[in-house]
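# Architecture at a glance
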Amino acid sequence: MLVEEIPKSTNPNSSTVYFSSSVNLTARPSSSRHAQSNESNDGASNKKGRQKVNYNVNQLMHAQIQVADPQAGSGPLKSTQQLQLERIVSKRLVDLTREGSSALFELPKNFAYNSIHASLDKNSKSARLGNTPTTKRILSARRNLNLYFEEERNLISINSILGQNYQFITDSEWEQAKSKVRKPVARRLRPRLKLCCICGSNSSYSRCHTCGLFSCSVRCNNLHNELRCV
Amino acid sequence: MHLIIDNGSYNIKAGFASGPLLKVQNTLTKTKDGIIHIGNEHIAHTNLHSGILFKRPYEQGHLTSWETEKAIWDYTIDQLTPQKELDPAETHLTLTEAPFQLPQLSINTDQIVFEEYGFNEYYRCPAASLVPWVDFEDNSKTAPNDFMLVIDSGYNATWIIPVLYQTVYWQGVRKLPVGGKLLNGILKELISFRHYDVLEEPILINTIKEQTCFLAQDFNKALASRDKYMCEFILPDFKTTMTGYLRDKNTVISPDTQSLKLLDERFTVPESLYHPEIIFDNNSTTANSGLVQNSPIKNLTDLVVESIMACPETARPLLLANISIVGGSAYIPNFTNRLVLEITKELPLHWFVRVRQAPKDSKLDEMSWMGGVGLTNDEIINDVSISKKEYFEHGSNWCQKQFGFKNTV
């Protein structure tokens, strides 16, 4: 995190964000949630007749990101549509990448692998517990990815990481809003494949109106209605 | 001594710089009899592959579970040096990780490397950044290559990573979440619907994919004449075959043998690299969602072009002429030819696309590891590594600052 002194001539359009007590007042978000939390923070200091200045750079940065105007292109603010799209897509991907239908198994408490290397196995009785407090914590964490994501404080890193996952599918309207010049975004990059859900051949019919799957012939359509249509 | 570990989400590729390379599946498995196997142990128990459960240290490409990974690493090191002692205090470790790994998880890795194993020196990087250090077959000068577009098609995802002067150009990195695991999932759905229920047979599915799937040069043409591509996969009967195999013309089989007749499954499944809508069209939730259907989907080609265009203009032709295809999923037959065909279609006519020839007898999924050997033979390794002393002086956050990714938004 870069904190710099403000140069004499501040350019309001410059992309660098400077933090100081005076800038902070303008940078404070206008959303009610933040106003409330700030008020409760300020309560104590206000008794001294002085306004408390928030020097927490991390918090300030979060505030900046949350109120950032998507038109300005400075904030990775996502439309609700895009978020919904990402939810559907990631659910489907997770479903497909599950190995075996049943849930993952849990390691039993006493599970340990005894290495033949003495140097790796000097504390064989507590092989899984780790040598130092930090590694003890890591080796017994048993946490999933979501918990780690929730804990991560740096929103910019999270956006960099998660942004990678949905590069291949983005809501077209959000894409348009992001680019400053309103140029038409190529909606269809190439014709989509329409594959029959029964036999896999090219389908020239429209989707099934109840479930959205394609079928290629009357025969397949009948089969589809019997078997796959929900 | 230099130890190089390419910690993939499917296979760990580990070995000393002097060779040989050892591949260990990066997973714990639990078979029907309730026994937990580490790494490659389960492969021999072919009669127990049905209903096998996996516990992988990787979750969606992030190394989350060190309680799992620790056991697999210990097993790997045992296999690697069964005779002599490995002395971590005398060893330099080169370790790879997935691009854009959550910083906290990378920090955990650093802490395990130094505090648990106590390696003396350490260098961590994305696997792709090691590929330029491979001595390519058609190379006029020796490694390293200064410009390289690495297309790493692994188990979890396919990454497109421009590597300029042996460092990853983070703005140009693109990801398509189609990897071996997802292809297995699509194949599993297709076979379960058309033939037999194979939901509990992850290893069988993987075998079928590896033996039968290929990328069609022209998908629509292949689909129209799909009978030509018919093949018969003999399912395991646990008497004559435990894993199943592909039937060729001369195989005589008994009349009660169960087999799969595969037609368009063979090329429709890998086609999801170029038509990712295949992933969403065969499922009523995603097929019915207007949002998914109306959003433009980018395929591998679009992402490669996007990645090239995100790089500095002067580097673009150099990257295009130095494409390197690595990773286990790149073994799908015709992967390279199809990719070249598709990229050439998208780009201006006079742009020259070249895929670098891998060295003879080298394997695509071992390229990063081989690059790691190349790197450790170079003096520069001493400048980029972090020693145990430095780690204890500066801490793990500093480590992440040296090795971690740069934010792109």
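With an unreviewed UniProt entry as reference, chain B is termed Actin-like protein ARP6, source organism Suhomyces tanzawaensis NRRL Y-17324. Taken from UniProt, the Sequence similarities (unreviewed entry) comment for chain B reads in full: "Belongs to the actin family. ARP6 subfamily."

The name given to chain A in an unreviewed UniProt entry is HIT-type domain-containing protein, with Suhomyces tanzawaensis NRRL Y-17324 as the source organism.

With that settled, the discussion passes to the sheet that holds strand β17 (residues 259–262) of chain B. Residues and elements named next belong to chain B. Within the open sheet, the three strands sit side by side as β16-β15-β17. Their pairing is antiparallel. Strands at the two margins of the open sheet, each flanked by one partner only, are β16 (245–246) and β17. Pairing of strand β15 (residues 231–234) with β16, which is carried by two bridges, proceeds in the antiparallel orientation. Of the residues in β16, the one forming a bridge with I234 is Y245. Here helix α4 (residues 202–212) sits on the sheet and contacts β15, β16 and β17; the angle it forms with β15, its principal contact strand, is near 150 degrees.

Next up on the list: the domain arrangement of chain B. Residues and elements named next belong to chain B. Each assigned domain of chain B is listed with its residue range as follows: domain 1 (2–130 + 362–403) and domain 2 (180–275). A separation of 32 Å is found between the C-alpha centroids of domain 1 and domain 2. Between domain 1 and domain 2, the contact holds 10 residues from the first and nine residues from the second. Around 770 Å² of area is buried between domain 1 and domain 2 when both sides are counted, 62% of it from carbon and sulfur atoms. Interface area lost by domain 1 to domain 2 is led by T46, H49 and S50, which between them contribute 45%. In this assembly, domain 1 and domain 2 are joined by three residue pairs in polar contact (both at pLDDT 80 or more).

Now for the confidence of the model for chain B. The predicted model of chain B has a mean per-residue pLDDT of 89, with 98% of residues at 70 or higher. Interface confidence for the predicted complex, given as ipTM, is 0.86, next to a pTM of 0.83.

Let us look at the sheet that holds strand β5 (residues 36–38) of chain B. All names here are of chain B. Reading across from one edge, β5-β4-β6 is the order of the three strands in this open sheet, with antiparallel pairing throughout. Across the chains shown, the open sheet's two edge strands, defined by having one partner strand only, are β5 and β6 (53–55). Ignoring strand direction, the axes of neighbouring strands in this sheet form an average angle of 25 degrees. Where strand β4 (residues 28–30) meets β5, three bridges bridge the pair, whose relative direction is antiparallel. Bridging across to β5, T29 finds its partner in H37.

Calculation criteria
- Residues numbered from 1 in each chain as written.
- Chains lettered and ligands numbered in written order.
- Predicted model: local features only at pLDDT ≥ 70, side-chain atom pairs only at ≥ 80, totals over all residues.
- Heavy atoms only, no water.
- UniProt positions renumbered as here; feature names shortened; annotations may be inferred.
- Pairing = 2+ DSSP bridges.
- Helix = DSSP H or I, 4+ residues; strand = E, 2+ residues; numbered from the N terminus.
- Contact = heavy atoms within 4.5 Å.
- Axes fitted to C-alpha atoms, helices over the stretch in contact; angles between N-to-C directions.
- Domains from an automatic or database assignment.
- Buried area = accessible area lost by both parts, 1.4 Å probe.
- Polar contact = N/O pair within 3.5 Å; in protein donor to acceptor, adjacent residues only side chain to side chain.
- pLDDT = per-residue confidence, 0-100.

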